[in-house]
Protein chains: 2
Amino acid sequence: MIQFAVLGYGTVGSGVVEVFFRNRESLERKAGVPLGLKYILDVREFPDSPYKDLFVKDFDTILNDDSVGVVAEVIGGVEPALTFTKACLERGKSVVTSNKELVAQHGAELLAIARANNVNYLFEASVGGGIPIIRPLHSCLAANRIEEVIGILNGTTNFILTKMFREGMSFESALALAQRLGYAERDPAADVEGHDACRKICILASLAFGEHVYPHDVSAEGIAKITSEDVAYAASCGCVIKLIGAARRGEDGKKMTAYVAPAFINRETQLGTIDDVFNGILVRGDATGDVVFYGKGAGKLPTASAVVSDMIACAKADGSSASMSWKPSQGGNVAPQGDHVTAMYLRCRAFETNALEEAVKIFGKVKALSRPDKPTNEAAFITPALTEREIDDVCGKLAAAGVDILGKIRVLADQ
Amino acid sequence: MIQFAVLGYGTVGSGVVEVFFRNRESLERKAGVPLGLKYILDVREFPDSPYKDLFVKDFDTILNDDSVGVVAEVIGGVEPALTFTKACLERGKSVVTSNKELVAQHGAELLAIARANNVNYLFEASVGGGIPIIRPLHSCLAANRIEEVIGILNGTTNFILTKMFREGMSFESALALAQRLGYAERDPAADVEGHDACRKICILASLAFGEHVYPHDVSAEGIAKITSEDVAYAASCGCVIKLIGAARRGEDGKKMTAYVAPAFINRETQLGTIDDVFNGILVRGDATGDVVFYGKGAGKLPTASAVVSDMIACAKADGSSASMSWKPSQGGNVAPQGDHVTAMYLRCRAFETNALEEAVKIFGKVKALSRPDKPTNEAAFITPALTEREIDDVCGKLAAAGVDILGKIRVLADQ
């Protein structure tokens, strides 16, 4: 018999308990051993819960119980999750988690502790909610050299952008709706400013390229500046705007590229059709080509099911360590964002001069865009592919020529 | 050191050898042990191959070499693949394969032999080419009760249907083009008549529902009867026609549903946008909701990369048996196709009577469709959702009323 413990009885934690007891019989068949859920750690009281006898308030009760073989850490945040996780791994307990912040910040370290103690540290639920992505990237695509990962990694911002695109809502109204529906938190900064997506692309990049990538090395731009005008220009050229996290292997020993930013994406591509709160992740391998994983990227039960699947994997492995890991790094392994080559959508306004003519003078050639009710002093266009540094230089020149830059969004090459 | 052997040096086999030697270093890092490829079995001579020293003609050379721990069977077909696979498993060698025919026919038996000998039998490459689906379905979604699997499982027919939809080609021209491009074989029956997709949905259903499903129990209808008119009617209601394999868990102890057939699919859904030679598989779990896997469903390197990834998984497991398996069955576990409830597209012609009026008389209510240049004596419509038996009855009545049925295609409810 293998006993589980769950640390934290919030949204994901209560989902984990629900999924475990609902599907326990089939889980035991898949694990090949009887399974129990012995403890739930939470500082709060749940006197009416059907699982009220399982609650404990003292972490040491779990740590010191050698019958507990697998611990689900679904507290979130760095502390006390980090201390608890280390302690469990060092005591020979496998740990599974949905905690993207912890994995993005301390993944290499925790994987090394797990390996040293011959247990597992698994985190399928940390990226893409219920979408299988960590294990497929690690195991199923093991024969590939992964070249690139591009994902729509945050459901809240995708919901907002979908409402802006489909219903012409402003960013503010779409955010308010997302908050009313419970898709966005009262303080939406982590989602809207791209920090959540940034942690996820760091985890994917670390796994794909074998070396820890820290969030503070990755440029993250959110969606708060996107306007209805930008959305209309995107639509005019067959595109939608999506918040993407992208990471590309550095060629010939150069540093990798990694960033989070809104981008124009061709509506007719697999990523371009991912709407509402759904997530999708494209993985490009040298042998298998492009593979896309799609599903609900968040939510209690999808995320919980990913946590429970990892618990089963640990129960099956029982004492043997899966080899998932990546090298630690000191950081600084991501190329400066200025080196990144991309075409750029620019929306400008000029009163004294013609914005489009000024742009053509400087860029040589641009793709002009239009939209219904475009004011005559507004211009929007897509630049040729240049480094972001070059584009910033040009924007400086445009400004010097009396052209205000109102919008600036990367254009993703067709996948 | 773990030694591999490859049985069969056809398209997939040569891809396996290529991927192995190209990515050997990273494969060894992932496996955690040195790896060798010691033998390639083929009856033919390859005097100019860089691997010419590895070729053997006698299977027993491989079977009797105890240093060979993992064998890739990429011969295809039932024999001699079945005999070779059994012999290897019984000698304690893990076997990985892309052989969908063998897995669909003998999967339960071979998995049991593998388990009894504490080795692995893995077949990620048998469905979806390079798309990870077998392991995600088994492991990553382990916490779910899988309710339904729907897939576009055959790239050749998807290419043909895409050409018919996008370029208005006839079935015959699109097939000829597919043959010219090497996507379809000279004898295209296995693809075009749905047998290939049928084997794949059997494997997915067996894994998802835990009990062997035989191809001869699953109704398979191909795409040869689909005309440009059908495609035009589909487009008129926002649909495309795709060849799908579908399997749904039987409710309350009833038999499961499983079939292969062309179907109208809403173009705006994840499956509806899967074009050309790409495959996509939707898995519906009770906790995770819908998850879709997308990528190249065939081709030398994608399929080979899935085989090699399984070889690595076996090398890592080294002597321990993964628990993937399903129960044997005597067959007969699929409900008769007549019980299947679906809306149906019907295209009819009548000379003596009004086809649409006759249909309304019998069905009560239908959704009438139109297309450019529709002849006045032609009618096309979508019926209410009924059992296929009821629809067949009604078609009989229509025929008796002087209405010829020219086309009949299932309509997939929006996913």
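Note that the structure is a prediction, hence the values are computed from the model and not measured.

This next bit is on the sheet that holds strand 3 (residues 55-56) of chain A. All names here are of chain A. With parallel pairing, six strands are arranged side by side in an open sheet as 3-2-1-4-5-6. Strands at the two margins of the open sheet, each flanked by one partner only, are strand 3 and strand 6 (121-122). As judged from the five bridges shared by strand 1 (residues 2-7) and strand 4 (residues 68-73), these two strands associate in the parallel manner. Looking at the pairing, L7 lines up with E73 of strand 4. Against the sheet, helix 1 (residues 11-22) makes contact with strand 1 and strand 2 (35-41), and its axis sits at roughly 160° relative to strand 2, the strand it touches most.

As annotated in UniProt, the feature "domain: Homoserine dehydrogenase catalytic" (unreviewed entry) corresponds to residues 132-312 of chain A in the numbering used here. Split by type, residues 132-312 of chain A is 39% helix and 25% strand. Its first and last C-alpha atoms lie 14 Å apart.

Two quantities define a packed helix pair, namely the angle between the axes and the distance from one axis to the other. All names here are of chain A. Put simply, helix 1 and helix 12 (residues 300-317) touch, their axes get as near as 8 Å, and they point 65° apart. Helix-helix and strand crossings are classified by hand; for helix 1 and helix 12 the assignment is right-handed. Residues T11, V12, S14, G15, V16, E18, V19, F20 and R22 of helix 1 pack against K300, L301, T303, A304, V307, V308 and M311 of helix 12. Class assignment of the residues belonging to the contact of helix 1 with helix 12 gives a composition of nine nonpolar, four polar and three charged.

This brings us to helix 1 of chain A. If you check helix 1 of chain A, its first and last C-alpha atoms are 16 Å apart, about what twelve residues at 1.5 Å a residue would give, namely 16 Å. Next to the buried residues of helix 1 of chain A lie strand 1, helix 2 (24-31), strand 2 and helix 12 of chain A.

Our next topic: the state of the cysteines. Inspection of every chain in the model, using the stated rule, returns zero disulfides over all chains. The closest cysteine sulfur to the non-disulfide-bonded C88(B) is located on C314(B), 12 Å from its own sulfur.

Looking now at the UniProt feature "active site" (unreviewed entry) in chain A. Residue and element names in this part refer to chain A. Sites flagged by UniProt as "active site" (unreviewed entry) map to K200. Mapping K200 onto the fold places it in helix 10 (residues 195-209). A polar side-chain atom of K200 sits 2.8 Å from the main-chain carbonyl oxygen of L153.

All names here are of chain A. Turning to its location among the elements, G168 is positioned in the loop between helix 7 (155-167) and helix 8 (171-180). When the C-alpha atoms of G168 and T97 are compared, they prove to be 38 Å apart, with 71 residues separating the residues in sequence. With near-sequence residues (within four places) excluded, G168 lies in contact with K163 and S228.

This paragraph deals with the relation of the copies chain A and chain B. Its rotation angle being 180°, the transformation that places chain A on chain B also includes 0.0 Å of axial translation and leaves an RMSD of 0.0 Å. In the structure described here, the two chain copies are related by an operation that fits a two-fold rotation axis. The C-alpha atom lying nearest the rotation axis in chain A is that of F293(A); the distance is 2.5 Å.

A few words now on the packing of helix 5 (residues 100-116) of chain A against helix 10 of chain A. All names here are of chain A. It is at 9 Å that the axes of helix 5 and helix 10 come closest, and there the two elements cross at 50°. One element, helix 5, and the other, helix 10, form an angle in the oblique class. Seen along the crossing, helix 5 lies across helix 10 with a hand that is left-handed. For the pair helix 5 and helix 10, contact is made by K100, E101, V103 and A104 and by D196, R199, K200, C202 and I203, respectively. Grouping the amino acids of the contact of helix 5 with helix 10 by side-chain chemistry returns four nonpolar, no polar and five charged.

Once their charged atoms are close, side chains differing in charge can pair, the charge on each being opposite to the other. Residue and element names in this part refer to chain B. Overall, the coordinates contain 56 salt bridges over all chains when judged by the stated rule. Between R267 and D275 there is a salt bridge; the shortest N-O distance is 3.0 Å. Neither residue differs from the other here; R267 and D275 are each classed as buried. Residue D339 is joined to R389 by a salt bridge in which the shortest nitrogen-to-oxygen separation is 2.8 Å. Pair noted here: D339 is in the loop between helix 12 (300-317) and strand 13 (341-350) and R389 is in helix 14 (residues 388-400), with a separation of 50 residues, a long-range link. The class for D339 is partly exposed, based on a relative accessible area of 38%. Residue class for R389 comes out partly exposed when judged on its relative accessible area of 41%.

In this section: the nonpolar core. Grouped together as the largest cluster of nonpolar side chains are 246 residues, with contacts concentrated most on Y121(A), L204(A), F264(A), Y121(B), L204(B) and F264(B). Those residues in contact with L204(B) that sit more than four places away from it in its chain are V127(B), I133(B), I134(B), L137(B), V149(B), L153(B) and I281(B). I150(A), I274(A), I265(B) and L412(B) belong to the second largest nonpolar core, which has 32 residues in total.

Before going further, it helps to examine the side chain of R371(B). The residue R371(B) is located in the loop between strand 14 (367-369) and strand 15 (378-382) in this model. Beyond its immediate sequence surroundings of up to four residues, R371(B) is in contact with E229(B), A232(B), Y233(B) and E378(B).

Moving on to the pairing of strand 13 (residues 341-350) of chain A. All names here are of chain A. For strand 13, the tally of buried residues reaches eight of ten residues, placing the bulk of the element in the interior. The pairing of strand 13 with strand 16 (residues 386-387) spans two bridges and is antiparallel. Bridging from a neighbouring strand, V341 pairs with T387 of strand 16. Pairing between strand 13 and strand 17 (residues 403-411): eight bridges, direction antiparallel. Along strand 17, the bridge assignment pairs Y345 with I409.

Let us now look at the environment of C198(B). All names here are of chain B. Relative to the helices and strands, C198 resides in helix 10 (residues 195-209). Counting along the chain gives 20 residues from C198 to V218, while the straight-line C-alpha distance between them is 7.0 Å. The contact partners of C198, leaving out residues within four places of it in the chain, are P215, V218, A220 and V260.

Cut-off values and rules
Residues numbered from 1 in each chain as written. Chains lettered and ligands numbered in written order. Predicted model: local features only at pLDDT ≥ 70, side-chain atom pairs only at ≥ 80, totals over all residues. Heavy atoms only, no water. Pairing = 2+ DSSP bridges. Helix = DSSP H or I, 4+ residues; strand = E, 2+ residues; numbered from the N terminus. Contact = heavy atoms within 4.5 Å. Axes fitted to C-alpha atoms, helices over the stretch in contact; angles between N-to-C directions. UniProt positions renumbered as here; feature names shortened; annotations may be inferred. Left-handed = near helix turned anticlockwise from the far one by under 90°. Nonpolar A, V, L, I, M, F, W, Y, C, P; charged D, E, K, R; others polar. Expected span 1.5 Å × (residues − 1). Disulfide = S-S within 2.5 Å. Polar contact = N/O pair within 3.5 Å; in protein donor to acceptor, adjacent residues only side chain to side chain. Least-squares fit on C-alpha atoms with pLDDT ≥ 70 in both. Parallel < 35°, antiparallel > 145°, perpendicular 65-115°, else oblique. Salt bridge = Lys/Arg side-chain N within 4 Å of Asp/Glu carboxyl O. Buried < 20%, exposed > 50% of the residue type's maximum accessible area, 1.4 Å probe, protein only. Core = buried A, V, L, I, M, F, W, Y, C linked by side-chain atoms within 4.5 Å.

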